[in-house]
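Residue strings, one per chain:
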Amino acid sequence: MGWDIEPQHPAHAAAGDVPAAPGADDIVPDALALLGAERAAQIRALIRDVPDYPHPPVVFRDITPLLADGPALTDVVEAFAGMHLADGASALDGEIDVVAGMEARGFLLGAPLATRLGVGFLPLRKAGKLPPPVERVDYDLEYGSAAIELRTGTLHPGARVLLIDDVLATGGTARAAAELVERSGGQVVALAFLLELVGLGGRDRLTGRTVETLLRVGS
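Draft legend 1. Layout of the overall build of the protein. Scanning the protein for helices and strands turns up 5 helices and 10 strands. Counting across all 219 residues of the protein, residues that qualify as buried make up 46%. Within the protein, counting contacts between residues at least 6 apart in sequence, those at least 24 apart form 61% of the total. In the structure as shown, the protein presents an accessible area of about 9,800 Å², 54% of it carried by carbon and sulfur atoms.

Draft legend 2. Quick peek at the nonpolar core. The biggest cluster of nonpolar side chains holds 35 residues, and the ones touching the most others in it are Val76, Phe80, Val99, Leu113, Leu117, Leu162 and Leu214. Of all the secondary structure elements, the ones that give two or more residues to this core are helix H1 (37-44), helix H3 (70-82), helix H4 (105-117), strand E8 (160-168), strand E9 (187-197) and strand E10 (211-217). For this core, the leading source of residues is H3, giving 6 residues. With residues up to four places along the chain from it excluded, the contact list for phenylalanine 80 reads Leu109, Leu113, Ile164, Ala192, Phe193, Leu194 and Leu214. If you look at the next biggest cluster of nonpolar residues, it comprises 26 residues, including Leu124, Val161, Leu168 and Leu191.

Draft legend 3. Representation of the pattern of salt bridges within the structure. Summed over all chains, the structure comprises 17 salt bridges. For the salt bridge of aspartate 25 with arginine 44, the shortest nitrogen-to-oxygen distance reads 2.8 Å. Linking aspartate 25 in the segment before strand E1 (27-29) with arginine 44 in helix H1, this pair joins segments that are 19 residues apart in sequence. On the accessibility criterion, aspartate 25 (43% relative accessible area) is partly exposed. For arginine 203, the salt bridge is made with glutamate 196, and the minimal N-O distance between the two is 2.8 Å. In the salt-bridge network here, residues are joined through shared partners; they are Asp25, Asp26, Arg44, Asp49 and Arg61.

Draft legend 4. Representation of H4. The terminal C-alpha atoms of H4 lie 19 Å apart, and with 13 residues this matches the ideal 18 Å at 1.5 Å per residue to within 8%. Taken as a whole, H4 has its buried residues at Arg105, Gly106, Leu109, Gly110, Leu113, Ala114 and Leu117. Here the buried residues of H4 occupy an arc of 130° about the axis, which is enough to place them on one side. On its buried face, H4 is in contact with H3, strand E4 (98-102), strand E5 (120-126), E8 and E9. After H4 finishes, the residue glycine 118 shows a positive phi value of roughly 75°.

Draft legend 5. Geometry of the packing of aromatic side chains. Considering all chains together, one arrives at 2 aromatic pairs under this definition. With a centroid separation of 5.2 Å and an interplanar angle of 90°, the aromatic rings of tyrosine 53 and phenylalanine 60 are classed as edge-to-face. A relative accessible area of 45% means that tyrosine 53 is categorised as partly exposed. Its relative accessible area of 10% is what places phenylalanine 60 among the buried residues. Residues phenylalanine 107 and phenylalanine 121 carry aromatic rings whose centres are separated by 6.1 Å and whose planes lie at 80° to one another, so their mutual orientation is edge-to-face. Residue phenylalanine 107 is found in helix H4, and its partner phenylalanine 121 is found in strand E5; the two are separated by 14 residues along the sequence.

Reading the values: the criteria
Residues numbered from 1 in each chain as written. Predicted model: local features only at pLDDT ≥ 70, side-chain atom pairs only at ≥ 80, totals over all residues. Heavy atoms only, no water. Helix = DSSP H or I, 4+ residues; strand = E, 2+ residues; numbered from the N terminus. Buried < 20%, exposed > 50% of the residue type's maximum accessible area, 1.4 Å probe, protein only. Contact = heavy atoms within 4.5 Å. Areas by Shrake-Rupley, 256 points an atom, 1.4 Å probe, with all protein chains shown as cover. Core = buried A, V, L, I, M, F, W, Y, C linked by side-chain atoms within 4.5 Å. Salt bridge = Lys/Arg side-chain N within 4 Å of Asp/Glu carboxyl O. Expected span 1.5 Å × (residues − 1). Arc of directions from axis to C-beta. Phe/Tyr/Trp six-rings, centres within 6.5 Å; stacked < 30°, edge-to-face > 60°.

Geometric values such as these leave the question of function open.
Given below as C-alpha cells:
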C-alpha cells in the first residue's frame with residue numbers, strides 16, 4: 001500500500017511520488033512536527049521507500065508498516081485530531097460535525113479520526129459504489145474523467161465537515177470532494193492529508209480553503 005496519484009500524470013501513476021535526491025530524505029514533517037522531532041522521525045521511518053517501483057525513476061512510498069504499527073497509527077490520528085481539539089481537550093467545541101473520507105485510503109484515516117473526535121464518518125465513494133439516491137460531482141482528468149458520490153440524506157444541512165485523504169497530489173479529487181460536500185449542503189472546515197506532494201501543485205487547486213498536512217514531499 002503506497003501513494004497512488006491521479007491518472008492525469010501517467011509517468012507517476014500507481015506510485016504517486018517523484019524521485020528523491022540521492023542520499024537525501026525528501027519527506028519532511030509538517031504538522032506531524034507537533035508530536036516532537038524524535039517521534040515525527042520515528043513515524044516517517046515507518047514509510048518505506050521503494051526505489052524504481054513500479055518503474056524507474058519513481059520512489060514508491062509504502063505506508064503498510066505505518067498502518068501496522070499501533071502506536072504510530074494512533075499518533076497519526078492524534079496529530080490530525082490535535083489541529084481541531086480545543087486546547088488539546090477531548091471536546092471539539094463545535095468546530096466539526098462529521099469527518100468525510102475520500103476513497104479509498106481516506107477511509108483508513110477518516111474512520112479512526114472521527115472516533116477520536118466523537119463525530120460521525122461519511123465515505124465519499126467512486127461512481128457506482130453506492131446505491132441510489134446519491135449526490136454526484138463529475139470532474140475532468142487530463143486523459144478522461146471521474147466522479148465522486150455521497151449517499152443522499154446522510155449529510156445534514158449546514159454540517160461542518162473535515163475532509164481527509166492520504167495524499168494531496170494534483171488536487172483534482174480533493175476539489176471535487178469539497179464541491180460534493182457543499183453541493184450536499186455541508187460546510188468544508190478543512191481538508192487534511194497525511195502527505196502532500198508539493199511539486200504537483202494540488203494546494204493551488206484548493207485556493208481559499210484550509211489545507212492541513214502532516215508530512216510533505218518537496219519544499
